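Summary of the model geometry
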Amino acid sequence: MKTVWIHREHDFIRTKWREHRNGQYHTDIRFHDYGEPTDVLRLEEAAIPEPGPGRIRVRVRACGLNPVDWAMCRGHFAGQLPLPRGIGLDVSGIVDAVGEGVTDVAIGDAVLGAADFMGGSSAGASDRAIMYYWFRMPAGLDYVQAAALPMAVETAYRGIDTLGVSSGQTVLVHGAGTTVGFAAVQIALMRGARVVATAGTAYADKLRAMGAMVTSYGDGMVERVTELAKQPVDLALDTAPISGSLKDLVQIVNGHPQHVLTVSDFAAAAELGVRASYGELHTARYDVVVDFAQYAADGKFTIPVAKTFALDAWRSAVEISQSGRAHGKLILLPASD
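Heads up: these notes are all about the structure in this document. The residue numbers shown here count from 1 along each chain, following its written sequence. Owing to the predicted nature of the model, reporting of local features is limited to residues with pLDDT of at least 70; listing and counting of side-chain atom pairs is limited to 80 or more, with chain, interface and lining totals taken over all residues. Only hydrogens and water are set aside when side-chain values are computed; all heavy atoms of the structure are taken into account.

Along the backbone of the protein chain there are 12 helices and 15 strands. Rg of the C-alpha trace for the protein chain: 20 Å, near the compact-globule value of 20 Å for 337 residues, within the 12% margin. Expressed along its principal axes, the backbone C-alpha trace of the protein chain runs to roughly 65 × 45 × 35 Å. For every residue, the accessible area (1.4 Å probe, protein chains only) is compared with the maximum for its type, and the residue is labelled buried under 20%, exposed over 50%, or partly exposed between those bounds. Within the protein chain, the proportion of its 337 residues that are buried is 52%. In this description, accessible areas are obtained by the Shrake-Rupley approach with a 1.4 Å probe, and a residue is regarded as covered only by the protein chains that are shown. Accessible surface, the protein chain as shown: approximately 14600 Å² in total, 52% of it carbon and sulfur. None of His or the chain ends enter the tally, which takes Lys and Arg as positive and Asp and Glu as negative. To locate a charge, take atom NZ for lysine, CZ for arginine, CG for aspartate or CD for glutamate. Computed over 31 positive and 37 negative side-chain charges, the inter-centroid distance for the protein chain is 3 Å. Only DSSP runs of H or I covering at least 4 residues are called helices, and only runs of E covering at least 2 are called strands; the numbering of each starts at the N terminus. Note on method: radius of gyration uses C-alpha positions; expected globular size equals 2.2 Å times residues raised to 0.38.

This paragraph deals with the environment of alanine 148. Looking at the element boundaries, alanine 148 is found in helix H4 (residues 143-148). Throughout, a residue-residue contact means that at least one pair of heavy atoms, one from each residue, lies within 4.5 Å. Sequence-distant contacts of alanine 148, that is, excluding residues within four places in its chain, are made with Ile303, Val305, Lys329 and Ile331.

Attention now goes to the packing of helix H6 (residues 179-190) against helix H7 (residues 201-210). All axes are obtained by fitting lines to C-alpha atoms, using only the stretch in contact for helices, and the reported angles, taken between N-to-C directions, cover 0 to 180 degrees. The interhelical angle for the contact between H6 and H7, taken along N-to-C directions, is 10 degrees, at an axis separation of 10 Å. In terms of orientation, H6 lies roughly parallel with respect to H7. Mapping the contact onto sequence places Phe182, Val185, Gln186 and Leu189 in H6 and Tyr203, Lys206, Leu207 and Met210 in H7. Here the residues of the contact of H6 with H7 are counted per class, giving 6 nonpolar, 1 polar and 1 charged. Note on angle classes: values under 35 degrees are labelled roughly parallel, values over 145 roughly antiparallel, values of 65 to 115 roughly perpendicular, and the remainder oblique. All amino acids are sorted into three groups, where Ala, Val, Leu, Ile, Met, Phe, Trp, Tyr, Cys and Pro are nonpolar, Asp, Glu, Lys and Arg are charged, and the leftover types, Gly among them, are polar.

What follows concerns the side chain of glutamine 145. Locating glutamine 145 in the fold gives a position in helix H4. Assessed through its relative accessible area of 15%, glutamine 145 is described here as buried. The contacts of glutamine 145, once residues within four sequence positions are left out, are Ala296, Thr302, Ile303 and Val305.

Strands are treated as partners if at least two bridges between them are detected by DSSP. In spatial order, the strands read S2-S1-S4; together these 3 strands make up an open sheet with antiparallel pairing. Lying at the two open borders of the sheet, with one neighbouring strand each, are strand S2 (41-47) and strand S4 (85-86). Judged from the 2 bridges that link them, strand S1 (residues 25-31) and S4 form a sheet pairing that is antiparallel. Note on S4: the bridge partner recorded for phenylalanine 31 is arginine 85. Those strands touched by helix H12 (residues 314-323) are S1 and S2, and its axis lies near 135 degrees from that of S2.

Attention now goes to the sheet that holds strand S9 (residues 194-198). If you trace the 6 strands from one edge of the open sheet to the other, you get S10-S9-S8-S11-S12-S13, paired in parallel fashion. Two strands close off the open sheet at either side, each with one partner strand: strand S10 (213-215) and strand S13 (275-276). Of the strand pairs in this sheet, strand S8 (residues 170-174) and strand S11 (residues 235-238) are connected by 4 bridges, and their pairing is parallel. The residue of S11 that forms the bridge with leucine 172 is alanine 236. Across the sheet, H6 is in contact with S8, S9 and S11; its angle to S9 comes to roughly 165 degrees. Of the strands in this sheet, S8, S9 and S10 touch helix H8 (residues 221-229), which is tilted by about 155 degrees from S9.

Right, let's get into the pattern of salt bridges. Salt bridges are defined as contacts in which a side-chain nitrogen from Lys or Arg sits within 4 Å of a carboxyl oxygen from Asp or Glu. What the rule picks out here adds up to 14 salt bridges. A salt bridge links arginine 136 to aspartate 109; the shortest N-O distance between them is 3.0 Å. Of this pair, arginine 136 sits in strand S7 (residues 128-136) while aspartate 109 sits in the loop between strand S5 (90-98) and strand S6 (110-115), placing them 27 residues apart in sequence. Close ionic contact of glutamate 154 with arginine 158 constitutes a salt bridge, the shortest N to O distance being 2.7 Å. Within this pair, glutamate 154 and its partner arginine 158 are both found in helix H5 (residues 150-163), separated by 4 residues, close to a single helical turn. Judged on exposure class, the residue glutamate 154 and its partner arginine 158 are both buried. Within this structure, Glu50, Arg57, Arg59, Asp96 and Arg128 form a network of salt bridges that share partners.

Put into C-alpha cells, the structure is as follows:
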C-alpha cells in the first residue's frame, strides 16, 4: 500500500501543483490518524488558511523539521487537538496576509518564526502557513538558515537560562551534535562559561573551533569529562536523545541532580530529581530568536543544516531524521511561485 500511495503522491504533484497554488487550495503535509510518521502522514490539498486576529500568513520558503513533529504524529496532544494536524513548526517565508491587529509587518515582508500548529489543521510543512510568532528577517540571512533557528534557539536558550549559566562556570552540554546542543554550546560560551561538550565526530572539530572542550559520549564518559574539565563541573544540560545517561551527568556535577537539566529524558528526570525543560514553571523564550537571527546574519552564530528536501520528498526527510543520522537540521522547501 505504501508504494501505491507514493505513486499517487507524485501523480498529484505533477498534475495539481500549480492549479492549487493559484487557487483556493494549497499543498500540505498532514496526518488524519495517529501512528508512525511514514504511515500516517500524507501530502494532500487543503484549503488555504486565513489568519485570525494577531496572526499572519506566509508563503513558506523553508520549514525546519524537529523531533516533536514525530511525537505529534504518534499522539502527543492526542485528545487536546482535533485531527487532521500538520507538521513543521520552524518557518521562514514571505507575508501574504495579516490578521486583525497586526501592525509590525506588512505583505511582502520576509519573516521567520513558528507556525501556529495549535490553532489550525495545517502547520509549516506546506505552501502557506499561519504564524503565531514572527520576526523580520535581517539582511544577510537566507531562508534555509532562518528556518533552522527558532526551536533550536528557544530550547537551548531556555535550558541555559533555567540552569543559570554565568561567566566563569564550567558547563557540560551533553549531545552537542544535536541542533539544540550545538546552539547551547554557543550560548554558554557567549555567557563566558567554560564548556565541555560531548559529541560524535561530525561536529567535534567545529565545536572545538568555537572554544568548547570536546569528548565522546558512551562508556567512560564520566572519567573523560572529569579529566578534560580539570576542575569541578558546575552544571550540565542534556540535549541528547534518550540514552540513559542522566545518572552519569548527576555524577559529573558532584551528585547534585538539580544542577542537571534535560530537554529529552523526562521519565528519568522525574526518577532522579533532575530538572526537565518540559513541565517546569518557565516562560518560553521566543523573544531571543530575533537576536540570534541577527547573530546568524552577522556570522556569529549558526545551526548546522544537514540537508534540504522538496516538499514531495518529505518521506526521505522523515526517514533520515528517525535514523538518528541527520547530523543537523533537515529543511523542507516548498516550490516557489
